[in-house]
Amino acid sequence: MSEKFLAKTFAGLEGLLKDELVALGAQQCRILNRAVQFEGGLELMYKCNYFCRTALRIFWQVSEFQFQNNNQFYEAVYKIPAERFLKSNGTLAVSATINESIFNTPLFAALLTKDAICDRFREKYDERPSVDKENPDVQFHVHISRNQAIVYLDSTGESLHKRGYKTGNHPAPINEVLAAAMIKLSGWDGKTDFIDFMCGSGTLPIEAAMAALNIPAGYYRRHFGFFSWLNFDRKLWNDTVKSAKIREDVPIDFYGSDISERFMAVARRNVSNANLRDFIRLRQSDLMDTKPRRTPATIIINPPYGERLEADDLNDLYKRIGDTLKRNYQGCTAAIISSDTEAMKHIGLRPAKKFTLFNGALECKYHVFNLW
Ligand SMILES: C[S@@+](CC[C@H](N)C(=O)[O-])C[C@H]1O[C@@H](n2cnc3c(N)ncnc32)[C@H](O)[C@@H]1O
């Protein structure tokens, strides 16, 4: 049976996400703002959670209806057969977003939803689930626009950018979903060496190695939201996990370096958590002392944006990045993300491709340079 889903992502990544969903078998894909709507069977929901590198969250649509007043809203939610996925003594949480609705606050819409679901349980089973905002068995999300409501279950739980390989702390790590998208947008095909000479906690080399080795994005995660649903199909999930075609080896190397020994220790821990020590070579170094072992190679970096640096120092740092790329990386492709457009000019290279991406709320430019 075909179900409706919604995959969430960052602004600017919708097209990449759609391509991933289509490759997994999604049908009727429609690009929305920071999301892609699609259809398929429940097994597709498992696959998307496990394999999608550019999705943050996958919602399963369980109801869609029009309403004019509180009563109609309550009655429509009451009709949702929640006992199919939620135990009567289980836990739930409800979040809501509203847009030009009869409800003044999302909180009220969420409360009414919760009441309708719990009343259905009480009246049918003499027992009702309780609310657990932190760790619910089932997380409902209600999206209301004018007098139209869509009720979703959040199948993901903790956001999919939390891959499960990070234990070390870095003050400015790049989001894993954004890192995976940057790797795709750079045009790197996984056939040449990958380098990040400002690697911090190691996100970019780890994401690149995972992509090249075909390691699913969710491979290291212990939990997905749908694990706690009553209709969780353990066999279907095991089949999904087994369907991954992980490569044992690839004929390329991955390099990560950073000026900070402290951050290199964090990167080492993360690389080790991801079981990628045989693939990713880490060493502490100033970027100016780096060069590729062989060319062509792809360099992707996420330099500091200046939260802690003076503008002059930042311009100087970006000039050193540009000089190093010109001097040591002839024949390579380099890609750089930064929110500091002024500092980016000091790289002194003309980008072959330009993208606008968001690192959290921060609007960034992502430039790809051909060094030949
Ligand atoms: C924004 S962080 C990178 C975060 C990284 N992408 C991650 O996911 O953890 C920028 C990094 O550049 C490093 N850095 C600053 N100056 C450097 C230099 N001259 N050579 C090498 N690395 C440098 C910093 O130590 C910092 O870890």
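Predicted model only: the values in this text are computed from it and were never measured.

Another point: the side chain of D340. If you trace the backbone, D340 turns up in the loop between β13 (333-338) and α10 (341-345). A distance of 3.2 Å separates a polar atom in the side chain of D340 from the backbone nitrogen of E342. Not counting the four nearest positions on each side in its chain, D340 is found in contact with Y305 and L314.

This part is about the sheet that holds strand β3 (residues 35-40). Taking strand neighbours across the sheet as the criterion, the eight strands line up as β2-β3-β1-β4-β8-β7-β5-β6 in an open arrangement whose pairing is mixed. Edge positions in the sheet fall to β2 (27-32) and β6 (130-131), since each of these pairs with one other strand and no more. The sheet contact formed by strand β7 (residues 138-145) and strand β8 (residues 148-154) spans six bridges and is antiparallel. By the bridge assignment for β8, I144 is matched with A149. Of the strands in this sheet, β4 (57-66), β7 and β8 are in contact with helix α3 (residues 70-78), which crosses β4 at around 125 degrees.

Mapped onto the elements of the fold, N49 is located in helix α2 (residues 42-51). A distance of 3.0 Å separates the side chain of N49 from the backbone oxygen of M45, its partner in a polar contact. When residues no more than four places from it in sequence are discounted, the contact partners of N49 are I58, S155, T156, L160, F224 and F226.

Once that is clear, we can look at the packing of aromatic side chains. Scanning all chains against the criterion turns up 32 aromatic pairs. Both rings, one in Y50 and one in F51, keep their centres 5.1 Å apart while their planes meet at 70 degrees; by these two values the pair is edge-to-face. Across this residue pair, the class does not change: Y50 and F51 are buried. Residues W60 and F85 carry aromatic rings whose centres are separated by 5.8 Å and whose planes lie at 70 degrees to one another, so their mutual orientation is edge-to-face. Of the two residues, W60 is situated in strand β4 and F85 in the loop between α3 and β5 (91-99); the sequence distance between them amounts to 25 residues. What makes W60 buried here is its relative accessible area of 8%. Put simply, the rings of Y46, Y50, F51, F224, F226, F227, F232 and W237 touch in pairs and so form one group of aromatic residues. The aromatic ring of F224 is capped on one face by R221, whose charged end is 4.6 Å from the ring centroid. Taking NZ or CZ as reference, R234 lies 5.9 Å from the ring centre of F227, over its face.

About the thresholds
Residues numbered from 1 in each chain as written. Predicted model: local features only at pLDDT ≥ 70, side-chain atom pairs only at ≥ 80, totals over all residues. Heavy atoms only, no water. Helix = DSSP H or I, 4+ residues; strand = E, 2+ residues; numbered from the N terminus. Polar contact = N/O pair within 3.5 Å; in protein donor to acceptor, adjacent residues only side chain to side chain. Contact = heavy atoms within 4.5 Å. Pairing = 2+ DSSP bridges. Axes fitted to C-alpha atoms, helices over the stretch in contact; angles between N-to-C directions. Phe/Tyr/Trp six-rings, centres within 6.5 Å; stacked < 30°, edge-to-face > 60°. Buried < 20%, exposed > 50% of the residue type's maximum accessible area, 1.4 Å probe, protein only. Lys NZ or Arg CZ within 6 Å of the ring centre and 35° of its normal.

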